[in-house]
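# Architecture and fold: a report
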Amino acid sequence: MAGSFDVVVIGGGPGGYVAALRAAQLGAKTAIVEKDRMGGTCLVRGCIPTKALLQSSELYTMAKDGAAFGLVADNVGFDWAAAQKRKSSVVDQLVKGVEGLLKAGSVTSYRGSARLAGKGVVDVGGDQLHGKDIIIATGSAVARIPLPGADLTIDSDQILELKEAPRRLAVIGGGVVGMEFAAMFAALGSKVTVLEMLPQVLAMVDADLVTAYSKHLASLGAEIHTNSKVSEVVKQNGSLLVRFSTGGEGGAVGADQVLLAVGRVPYTQGLEAEKAGVKLERGRVVVDDHLHTTADGVWAIGDVIGGIMLAHVASYEGVCAVENIAGHANRVPDYHAAPNCVYTDPEIAHVGLGEKEAKEKGIAVKIGRFPFAAAGRALTLGQTEGFVKVVADAGSGQLLGAHIIGPRATDLIAEATLAVQNGLTLEQIDLTIHAHPTLPESLMEAALAAQGRAIHTANRRSGLPTSAASGGTSPQGGEVSTPTANMQNRGEKMSAPVKSSSPPPTPSAINPKVLELTKNNREFLLGMHRQMQLIRRFEERAQEQYTKAKIGGYCHLNIGEEATVVGGILALKANDWIFTSYREHGHAIARGVDPKAVMAELFGKETGTSHGRGGSMHLVDYGRRFMGGYGIVGGHLPLAVGGAWAVKYRKQKDVIFCMFGDGATNIGAFHESLNMAKVFELPVVWFCVNNRYGMGTPVEKASAVADIYKKACAYDMESIQIDGMNLREVLLRTSEIVEKTRKDSVPRFIESLCYRFRGHSVVDPDKYRSAEDKEKYRKADPIVAFEHELEESGLADEEYFKNVRQEVDAEVRDVIEFADASPDPNPSDLYKYTYAGQWDNRPELRAERV
Ligand code: FAD
């Protein structure tokens, strides 16, 4: 046996056989050498046999639950041997299919182990094949680790040949292979325990999908131990025992079989690659970006080159390599839209960038989610677990990634893959007619949700783009919904419709012109007025709720500060960050955080901004870049410095806006923070809301420097004092300072002089202020003052103001009803998910409880 060919392919897996077929298609005389069965790992020991068995376990699960569908099948059982038989016949059929394709494609097939035997020569058991070009596609093999007792374990090849399903299965390694077997055997009733060294199983999957999946697996009685290192496997009482340690604590799990699934390694055994001038690096064949190795005329593709070790990637690379050989195209593989599928139950699939990756790359993204619980088709299938999540560029709307957990996720990913590959936008996806009822509608809905336009799920108020620096992203699409047939969402049912409480749309640049009291600016000016009224009413009613003990901890009253708050915050751009005192609900509302979520948080409810974890002590909304603060006066100033460091490090043009009261300016953290911001030139605007009675002490008695803005001189920092009772002045002057800082990344300081009309809260008897003092400032009430301006310029009249008052009154009533009707967090979860970002990763929990 000998022969001369244009192309000789070594290895008949999905990389090799596809390359051979494409080469033949392009007119190359082609040979392929395979030492085992045609189809490689994929067909014989990987993708196909596992999916055939998973199909059996899925059917078993469905049949067990079949009564609800009207299926009468008593005593449903599982015949492992029959499932194995079916698996083998599927494999055989496909192997035969590949052999037939090669034959029909005029590819000459050789059976045997190939070795590189000089330039252009491939030796197969002593026979020599000559190839102008050679493609190495020898794939990968199961990885082994030096684990005491490893010989007692089985690998992914062996588990496929088991004669019976193990009663107890321990899986070492929570990667795709390990988790697929875990899912399959858990569904068949095995007691499964997964031991994973990393903090998360399926490390490459977005955390929120993994959380949803882990929950499902746990419901089947399986256990997952993350951060757990296995130390040994031993025999004990006729079965096996796996010893491991989690965070220094020892543990052990008994098992009948132990699957060692710690990955795969490139396979080049017997190839004598290095002798032929092919460089290897930690076992993998090194290729350039055209898939050419270091030896002339030798190419490599698939698992053997490392990278993304998946069948479809191997095939894709096979085609690229062959087309490069043929000179038809200068193909450099592009992996940015390589889909990744996990055939667990529910299935998981993702393509493109995840939230975390986007963050790491410094890309501002918007997120849209759609739960299958709201998809008609999912309901008819009886498979409503999971959701679709899209990640899109915040500016252009281009789809960057999609992440799906749920029924047929591995099929659904195809549409998203096409979109990511071709740079389609969310709008292009939602403008495409999707058949109904189908699962792909869910992708369309997620795309709509990302734009705040979801139809079959509650939209979160459209908000600011989320971004890299946010440390988390906030979905603008609702996770909460009911099926198509009953589209009213619970949030709506709980409250009568009220006019939107969004902050007014801000002009792109703040200057004296846009603040003139003219008709052109009417909408904006009235919007600001309404916002101030809303905040005031909210605070008044929040105090009442506090007296009814619906709000725990502490509840501040900041009446009188509205112009300072609204003017200061509207001076910011969407991407700027707010760090403020822990108790500032008005600040949150001015930033556009949903008042319902703010009140619900004060009530400690599940629907709150921090899902009841923050209560009156910590309001946060990453999506709006509202970072709240923690429950110590002035404790958030150093946090703002940290945020500014992050912005500076990422070379972003965002400004950190740090708001605090006069009481905070006498503590060490204030001085350290200002100092550090100046020394390192960090983009912070320090914004002191000086209501003149910090901690109940008049400023002049608490501080030797009563003009607080002068304290900034100590740090050589530009600082100004503004009239915090005058809305337009606050907005204009704050905006000037913010824009300066955006430009040069130098910190600046603003002292906004205002007045708090009442004590800290209803429990503050407010004895430290004189009646005259109160009377004097009462006259300067910022809302009344602004109403005068609007009235005098003919932009509004008393009737209008009355209507606004009624409207916001109704809105706040509604907000309270919403908070009242909202569910409490599950007590067993209270110590989990204390950080808002974690909750954004748990939409399935929100969906259940909201
Ligand atoms: P392989 O498929 O490994 O093929 C290499 C071939 O080369 C083998 O047939 C081997 O016998 C032959 N060979 C090696 N050396 C020589 C030699 N010297 N001479 C002649 N022949 C040689 N991927 C997915 O995309 N989806 C999945 O669902 C999926 N599931 C998997 C499940 C399991 C349990 C496993 C183990 C893998 C799974 N994979 C999956 C991965 C997938 O199987 C591989 O990525 C894919 O098979 C790689 O293709 P390849 O052509 O590079 O190599």
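Provided above is the structure to which this section pertains.
A short tour of the structure in this document, coming up. Model, not experiment: these values are computed from the prediction.

Let's shift gears to the site of the ligand. Looking at the ligand, there are 38 residues lining it, with Gly15, Glu34, Thr41, Lys51 and Ala311 nearest. A distance of 2.8 Å separates an oxygen atom of the ligand from a polar backbone atom of Gly15. Between the ligand and His312, the relevant distance is 3.3 Å, taken from an oxygen atom to a side-chain nitrogen or oxygen of the residue. In isolation the ligand has 990 Å² of accessible area, and contact with the protein removes 96% of it. Elements with a contribution of two residues or more to the shell around the ligand: α1 (14-25), β2 (30-34), α2 (40-44), α3 (47-64) and α8 (311-326). A per-class count over the shell around the ligand returns 14 nonpolar, 17 polar and seven charged.

Below, the discussion takes up the packing of aromatic side chains. Evaluated as defined, the whole model comprises 15 aromatic pairs. Centroid distance Phe5 to Tyr110: 6.1 Å. Interplanar angle 85 degrees. Geometry classified as edge-to-face. Highlighted residues: Phe5 in strand β1 (residues 3-10) and Tyr110 in strand β3 (residues 108-111), separated in sequence by 105 residues. According to the relative accessible area criterion, Phe5 is buried, its value standing at 7%. Ring-pair connections join several aromatic residues into one group, and the members of that group are Tyr693, Tyr755, Phe757, Tyr768 and Tyr777.

Next up on the list: α1. For α1, spanning 12 residues, the distance from its first C-alpha to its last is 16 Å, which sits close to the expected 16 Å at 1.5 Å a residue. Along α1, the residues classified as buried are Pro14, Gly15, Gly16, Tyr17, Ala19, Ala20, Ala23 and Ala24. Of the surrounding elements, those touching the buried residues of α1 are β1, β2, α2, α4 (80-104), β6 (127-136) and α8. Residue Gly27 follows α1 closely and has a positive phi angle near 95 degrees.

Attention now moves to unusual backbone geometry. The omega torsion of the bond from Asp345 to Pro346 falls at 0 degrees, within 30 degrees of zero and hence cis. Note on placement: Pro346 falls in the loop between β19 (340-342) and β20 (347-352). One non-glycine residue with positive phi stands out, namely Leu291, at about 75 degrees. Residue position: Leu291 is located in the loop between β17 (284-285) and β18 (298-300). With a relative accessible area of 2%, Leu291 lands in the buried category.

What follows concerns the sheet that holds strand β11 (residues 228-236). Reading across from one edge, β11-β12-β13 is the order of the three strands in this open sheet, with antiparallel pairing throughout. The outermost strands of the open sheet, each flanked by one partner alone, are β11 and β13 (249-255). Taken pair by pair, the neighbouring strands of this sheet meet at an average axis angle of 25 degrees, ignoring direction.

What counts as what
- Residue indices begin from 1 for each chain and proceed along its sequence in written order.
- Local features in a predicted model are, by the rule used here, given only for residues with pLDDT of at least 70; side-chain atom pairs are given and counted only at 80 or more, and totals for whole chains, interfaces and linings are based on all residues.
- For the side-chain quantities, the full set of heavy atoms in the structure was used; hydrogens and water were omitted.
- Near, as used in this document, describes a residue that has one of its heavy atoms within 4 Å of the molecule or strand being considered.
- We define a polar contact as two N or O atoms separated by no more than 3.5 Å, with the added condition that, inside protein, one atom must be a possible hydrogen donor and the other a possible acceptor, whereas residues neighbouring each other in sequence contribute only through side-chain atom pairs.
- Only the protein chains shown count as cover for residues, and all accessible areas are computed by the Shrake-Rupley method using a 1.4 Å probe.
- Each helix corresponds to a stretch of at least 4 residues labelled H or I by DSSP, and each strand to a stretch of at least 2 residues labelled E; elements are numbered beginning at the N terminus.
- As a working rule, the residues Ala, Val, Leu, Ile, Met, Phe, Trp, Tyr, Cys and Pro are called nonpolar, Asp, Glu, Lys and Arg charged, and the rest polar, with Gly in that last group.
- By convention, a stacked pair of Phe, Tyr or Trp rings (six-membered ring in the case of Trp) has centres within 6.5 Å and planes under 30 degrees apart, an edge-to-face pair has planes over 60 apart, and any other such pair is tilted.
- Whether a residue is buried, partly exposed or exposed follows from its accessible area with a 1.4 Å probe, protein chains only, as a fraction of its type maximum: under 20%, in between, or over 50%, in that order.
- Expected helix span is given by 1.5 Å per residue-to-residue step, counting one fewer step than there are residues.
- Contacts: residue pairs with any heavy atoms within 4.5 Å of one another.
- At least two bridges found by DSSP between two strands is the condition for calling them paired.
- Whenever a helix is involved, its axis is fitted only over the stretch in contact; in every case the axis is a line through C-alpha atoms, and angles between N-to-C directions fall within 0 to 180 degrees.

Bear in mind that shape data such as this cannot, by itself, settle questions of function.
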